[in-house]
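Each chain, letter by letter, is given below.
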Amino acid sequence: MKKIPFSLMTVLFLLANLHLVAQEKLTYQKPPQEILELVDVPLAPSTLIDSEANNMVFLYRDQYRSIADLSEQELRLAGLRINPVTNIGSRTTYYNNIQLKQIEENQPRQVKGLPQNPRLANFSWSPDETKMAFTHTTEEGVELWVLDIKAAEARKLTDARLNANLRSPFSWFKESNALLVKMLPTDRQKLIDPETVVPDGPTVSVSDGAEAQNRTYQDLLSNPNDEYNFKQLVRSDLVKVTLDAKEETWLETAMYNSISFSPDGKYVMVTTIQEPFSYLVPYSRFPSETNIYDHEGKHVSQVNQVPLTEVLPKGFMSTRTGKRSLQWRADQPATLVYVQALDKGDPEVEVEYRDEVFQLQAPFKGEGQSIFKTRDRYAGITWGDKNTAIVYDRWWNTRNSRTYVFNPNRPKQTPKVLFDRNYQDRYSDPGSFVTKRNQYGRWVLDLDKNNAFLLGDGYTPEGQFPFADRINLKTGETQRLYQSSYTDKKETLVEALDIADGKLLVRIESAAEYPNYFIRDINAGNNDLVQITRFENPFKSLENVHKEVITYNREDGLPLSGTLYLPEGYDFNNPEKLPMIMWAYPREYKDRSSASQVTSNPNNFTYPSYGSPIYWVNRGYVVLDAAAFPIVGEGEEEPNDSFRKQLVANAKAAIDAVDALGYVDRNRVGVGGHSYGAFMVANLLSHSDLFAAGIARSGAYNRTLTPFGFQSEERSYWEAPEVYYNMSPFMHADKMKTPMLLIHGEADNNSGTYPMQSERYFNALKGLGAPARLVMLPKESHGYAAKESVLHVLWEQDAWLEKYVKNKDVSQQPVISKQQAELKQ
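Residues numbered from 1 in each chain as written. Predicted model: local features only at pLDDT ≥ 70, side-chain atom pairs only at ≥ 80, totals over all residues. Heavy atoms only, no water.

### Quick word on the overall build of the chain
Then step 1. Secondary structure summary: the chain contains 10 helices and 49 strands in total.
Then step 2. For 825 residues, the compact-globule estimate of 2.2 N^0.38 gives 28 Å, and the chain sits close to it at 28 Å.
Then step 3. With respect to the three principal axes, the spread of C-alpha positions in the chain is 80 × 75 × 60 Å.
Then step 4. For the chain, buried positions account for 56% of its 825 residues.
Then step 5. Here the analysis covers contacts within the chain between residues at least 6 apart in sequence; of these, 60% occur between residues at least 24 apart. (Helix = DSSP H or I, 4+ residues; strand = E, 2+ residues; numbered from the N terminus. Rg over C-alpha atoms; globule rule 2.2 N^0.38 Å. Buried < 20%, exposed > 50% of the residue type's maximum accessible area, 1.4 Å probe, protein only. Contact = heavy atoms within 4.5 Å.)

### Some points on unusual backbone geometry
Then step 1. Of note, the amide linkage connecting glutamate 275 to proline 276 takes the cis form, showing an omega dihedral of 10°.
Then step 2. The peptide bond linking alanine 362 to proline 363 adopts the cis configuration, its omega dihedral lying at 10°.
Then step 3. Topologically, proline 363 is positioned in the loop between strand E22 (355-361) and strand E23 (369-374).
Then step 4. Phi at alanine 78 is positive, roughly 55°, even though this residue is not glycine.
Then step 5. Within the secondary structure layout, alanine 78 lies in the loop between strand E3 (75-77) and strand E4 (80-83).
Then step 6. If you check the backbone angles, serine 675 has positive phi at about 65° while not being a glycine.
Then step 7. Assignment of secondary structure puts serine 675 in the loop between strand E46 (664-674) and helix H7 (676-687).

### Some points on the nonpolar core
Then step 1. With 64 residues, the main nonpolar core has Leu624, Phe691, Met740 and Tyr761 as its most contacted residues.
Then step 2. Here the element with the most residues in this core is helix H6 (residues 643-660); it accounts for 9 residues.
Then step 3. Ile35, Tyr64, Val790 and Leu791 belong to the second largest nonpolar core, which has 46 residues in total. (Core = buried A, V, L, I, M, F, W, Y, C linked by side-chain atoms within 4.5 Å.)

### Thoughts on the sheet that holds E4
Then step 1. Spatial ordering of the open sheet is given by E3-E4-E5, a layout of 3 strands whose pairing is antiparallel. Strands with a single pairing partner mark the edges of an open sheet, and in this sheet they are E3 and strand E5 (88-89).
Then step 2. Strand direction decides the pairing type here: E3 and E4, joined by 3 bridges, are antiparallel. The residue of E4 that forms the bridge with arginine 76 is arginine 81. (Pairing = 2+ DSSP bridges.)

### Some points on the sheet that holds strand E36 (residues 490-498)
Then step 1. The antiparallel open sheet is built from 4 strands, whose spatial order is E36-E37-E38-E39. Edge strands, defined here as strands with exactly one partner in the open sheet, are E36 and strand E39 (529-531). The average undirected angle you get between the axes of adjacent strands in this sheet is 30°.
Then step 2. Both E36 and strand E37 (residues 503-509) contribute to a ladder of 7 bridges, which runs antiparallel. (Axes fitted to C-alpha atoms, helices over the stretch in contact; angles between N-to-C directions.)

Pasting the structure below:
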């Protein structure tokens, strides 16, 4: 075993505790006009459509929030981020306008009666799809509103008393004439201000000897005051609110988490959070209790009790014991379905079957009837009718998934395995089953005797050609009903509106054409299209950039790909070697075949989101986006055993490929990434001489701070210390001499990517003399939401690329040949 040098560890530990120096205080900046004009544009609306494809709902919002919005009061408790004044998630995405459009209409209609300064969320169709409920957040709290689809008119049902802190604050009654609503209790106590409270003693945590190897969750409870505030914030009354705004208490105060009506509407499954709470895991693993009530609120039966789940067996496929995944059977009026582990939830236990599926009918007493056993971990059911259902299982370690068809009415009948495949193999993906709404308003398999239907993405070695198939569930044989033939556009088969009649809802786009919706009749030929939306491209300055997917090979022969952009008007007859920015994200595979597949489509609409590098094609750069960075470990070898070597090989192959085309000055190449992509950037700059500069956003750089696994690494630090050491850029900060821009949100809540990761890494780089800049964004989380923050990030990145990539002083730099770009030792 290679030992980690003690002296180096000691030095780095000391460096990690130095205070930041040479800090700047900046106001928010804006990027150059070529970038700014691609940011400050109106968004096309989000689109909701009813099951009969009669009505479309257009939801409009601003692309970004303001820093003032992010600065509203926020409590971070048990994995939640809550605004304690308004009682809704503090990071909720709000919409500010609604329009309606019947399919045959040319233009949408404005909804009347919306509140002033709308902050709308939690949209939900009524069971009969004649109405839509939603919330509006005021300065005081959350109101319940309802939209009449036919009249295109909205009205308020309650004042600002909803409790949306645990999300999903209401559910429709089956008759579509009332809603069951989480309301603030009248006896809520005043919250404790964590900034002013005087402690009355220490906080003590105890290990009882059981192994609790949890990921590095953030925003956890940390003391009794947090526990008190959490309890106050999630307590609710359940109140029945009718459409004429009458209110009736349905259940008294409790910590209501989820509410689910049975398909026939006669029963309600209610799950409540229980005590004790935990300082190690989020609220989803707190104790819970699940009860069944009738539609009038009378208790019927307790169907589950779950203890606090701090301890789980090791491994990504571990799960807790006891009943889990409780749900209503969609094809029956009131039948509960649940799953139990047969291997004690431990992937290391060898058993023939991992999970068992049960069903339990009213009055929901005792144990359920066994109807299915899965070989690997249960992954869901799509119900059809009393004789047909589809079950899925999967196993992460082998990347394997199975799809079974079975008869729930005859559970002893041997199920048929329809698909047994590597779920990372996109070329063999058979697609997803087509569903339709049944008499209960639930989505079930669309069946035609022994046949079902599939819609697939259609990735192939020749390109992407989505398809619709008919599959015989008895024989497993498929028949192709339709396959898109576009080579200059991308067609997405969104859903089947009426597969028997050949009607599909599709979305068609190209690199320069904004995605729009159409209804395609596959029974009438490829040209039978009815356009139902007409959204315009708001990014006109990108319409004429060159875009293509390039393919190339890694030095070990593994095929790779990436999406290449060249500035508008690039002269292919006299190619100029331009600076380049490469953006990527590493992904782990257990086989080379899946790792080599091309899933980029050059006809995807060119959409410059805040995290995209595409802006810089308008600044005179070559852009290689979504460059393939597979990390492969076959057989007993894990991908991360050779992470650094493969990482550098991927980067070198990409630069070689663009260089061979004559487009890039390989001395002026920058690399960027976000999250695990930032981790990639730091490793590339530490262990290769391929890049002039790097941009790393919201990353983790010291893997000893995530000791019980990270990303797709299942082993702990104590099982694979060399892997953790070799993969951690912090441990190799002394080798990093390439300019590095570090950006991180001060309120990052992503597991593992503590803001401290960037702060400590910068301290090490600064102490060792590496050129680096650290930008900490106030109030921002793992992704950046405020317009001020996004514009400033683009300004920082542009300035960094201009200084260290485009205008790099090459006179003092040696030319790096392909042969010289080797892994640093």
